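Breakdown of the fold
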Amino acid sequence: MNNNKKRFPNKKVDKNSYREFTVSHECELLDFLFETHPGQSKNSVKSLLTNHHVTIEGSPVSQYNLKLFPGDTVIIYKQPQRKVVRSKLPIIYEDDHIIVINKPSGLLSIASDNEKRSTAYRILSDYVQQKDKHNRVFIVHRLDEDTSGVLMIAKDKVTQEKYQDNWNDLVSKRGYYAIVDGILNKKQGTITSYLKKNAQNLMYSSKKAGDGQYSVTHYKVIKEKGDYSMLDVNIDSGRKNQIRVHLGDIGHNVVGDDKYGKPTNPLKRLGLHAYELDIKDPYTGKVMKFMAPIPKEFDLFFK
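Description of the structure in this document. (Residues numbered from 1 in each chain as written. Predicted model: local features only at pLDDT ≥ 70, side-chain atom pairs only at ≥ 80, totals over all residues. Heavy atoms only, no water.)

**A short note on the nonpolar core**
Among the nonpolar cores identified, the biggest contains 48 residues, and Leu 29 and Val 54 are the most heavily contacted of them. In terms of residue count, the dominant contributor to this core is helix α4 (residues 120-129) (6 residues). Discounting residues that sit within four places of it in the chain, Val 54 has contacts with Leu 29, Leu 33, Leu 48, Leu 49, Ser 59, Pro 60, Val 61, Val 74, Ile 75 and Ile 76. (Core = buried A, V, L, I, M, F, W, Y, C linked by side-chain atoms within 4.5 Å. Buried < 20%, exposed > 50% of the residue type's maximum accessible area, 1.4 Å probe, protein only. Helix = DSSP H or I, 4+ residues; strand = E, 2+ residues; numbered from the N terminus. Contact = heavy atoms within 4.5 Å.)

Okay, structure coming up:
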């Protein structure tokens, strides 16, 4: 069993235990609740907040005037949801606009259909609201659940939009370590294809121009041991599951990746780690370099 799954257990969500609403326009939380609960008394709607039944993206909130933005997901639970006091977070960097963490393997970036509570978003929401109950966080980009490493989250909506609207222009490096099955004949190379989703919501490669999103992955072998290789991978495009699909395309699946192949699993986790993100600060123009050290299990495996 993946040890990280023990730390961040993703239990199947009871669909009858909550109701989920998507925000379509900028508004305050209490006004949104009145809109989505027509016919209910003001006191009964307010009680949802005072009794801690309301969350944003799975993070409990109770502030009537908390500002909501289009695309926010408001989840209302039958049972009260409590904040957790957060300490000893794997924070790499924090300023007035962003928080950067070394996300553990096995932790979702944001809520999914099957997991609402155990997410990086929830953990960091609890953390910033310990300082001020009106604080919020906003997802800028994501890492796969089982990928560890550098994850950046914004502390306000304007910053989120500045990064997301100009992501490819601001990012100068996205570096990953990947441990794969097999010994590569070609020790360095570039993989290109057009990535698209199939009916099962899995990504796959097409060589037909325009048939999906153009994706570029560069790799270099840096270590070898037995039937395994460690690669230094850099991507020019950040598509869903891009590295996992591209390395599978050349016959060397990431270890532990039972989603796109049937590789071995010597690490008891996915062998993918985002070790570096170099990105320009949209406010100052300064390039910031964020690093997450190689996981111990990666190092030990190749010793």
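**So, the packing of aromatic side chains**
The geometry of an aromatic ring pair is captured by the separation of the ring centres together with the interplanar angle, meaning the angle of the planes. Taken as a whole and judged by the stated rule, the model has 8 aromatic pairs. Centroid distance Phe 69 to Phe 138: 5.7 Å. Interplanar angle 70°. Geometry classified as edge-to-face. Placement of Phe 69 in the loop between β5 (67-68) and β6 (73-77) and of Phe 138 in strand β9 (residues 138-139) is noted, with a sequence separation of 69 residues between them. Neither residue differs from the other here; Phe 69 and Phe 138 are each classed as buried. Judged by centre distance (5.2 Å) and plane angle (85°), the ring pair of Phe 301 and Phe 302 falls under edge-to-face. Looking at Phe 302, the relative accessible area reads 13%, which means it is buried. (Phe/Tyr/Trp six-rings, centres within 6.5 Å; stacked < 30°, edge-to-face > 60°.)

**A word on α4**
Of all 10 residues in α4, 10 are buried, a share of seventy percent or more. Here α4 has its buried residues at Ala 120, Tyr 121, Arg 122, Ile 123, Leu 124, Ser 125, Asp 126, Tyr 127, Val 128 and Gln 129. For α4, the secondary structure elements touched by its buried residues are β3 (54-56), β4 (59-60), β7 (91-94), β8 (98-103), β9 and β10 (148-154).

**With respect to helix α2 (residues 29-36)**
Within α2, burial applies to Leu 29, Leu 30, Phe 32 and Leu 33. Down the axis of α2, the sector holding all buried residues measures 160°, keeping them to one side. For α2, the elements touching its buried residues are β1 (18-22), β2 (27-28), α3 (42-50), β3, β5 and β6. (Arc of directions from axis to C-beta.)

**Quick notes on the pairing of strand β16 (residues 272-280)**
Of all 9 residues in β16, 8 are buried, a share of seventy percent or more. Taking the residues that link successive antiparallel strands as the turn, the β16-strand β17 (residues 287-291) hairpin has 6 residues, and the phi of Gly 285 there is positive, at about 80°. (Pairing = 2+ DSSP bridges.)

**Quick word on the packing of α2 against α3**
Where α2 contacts α3, the axes come no closer than 10 Å and their chain directions differ by 125°. Considering their axes alone, α2 and α3 lie oblique with respect to each other. α3 is crossed by α2, and the crossing has right-handed handedness. Contacts from Leu 29, Leu 30, Leu 33 and Phe 34 of α2 reach α3 at Lys 42, Val 45, Lys 46 and Leu 49. Each residue belonging to the contact of α2 with α3 can be placed in one class, and the counts come to 6 nonpolar, no polar and 2 charged. (Axes fitted to C-alpha atoms, helices over the stretch in contact; angles between N-to-C directions. Parallel < 35°, antiparallel > 145°, perpendicular 65-115°, else oblique. Left-handed = near helix turned anticlockwise from the far one by under 90°. Nonpolar A, V, L, I, M, F, W, Y, C, P; charged D, E, K, R; others polar.)

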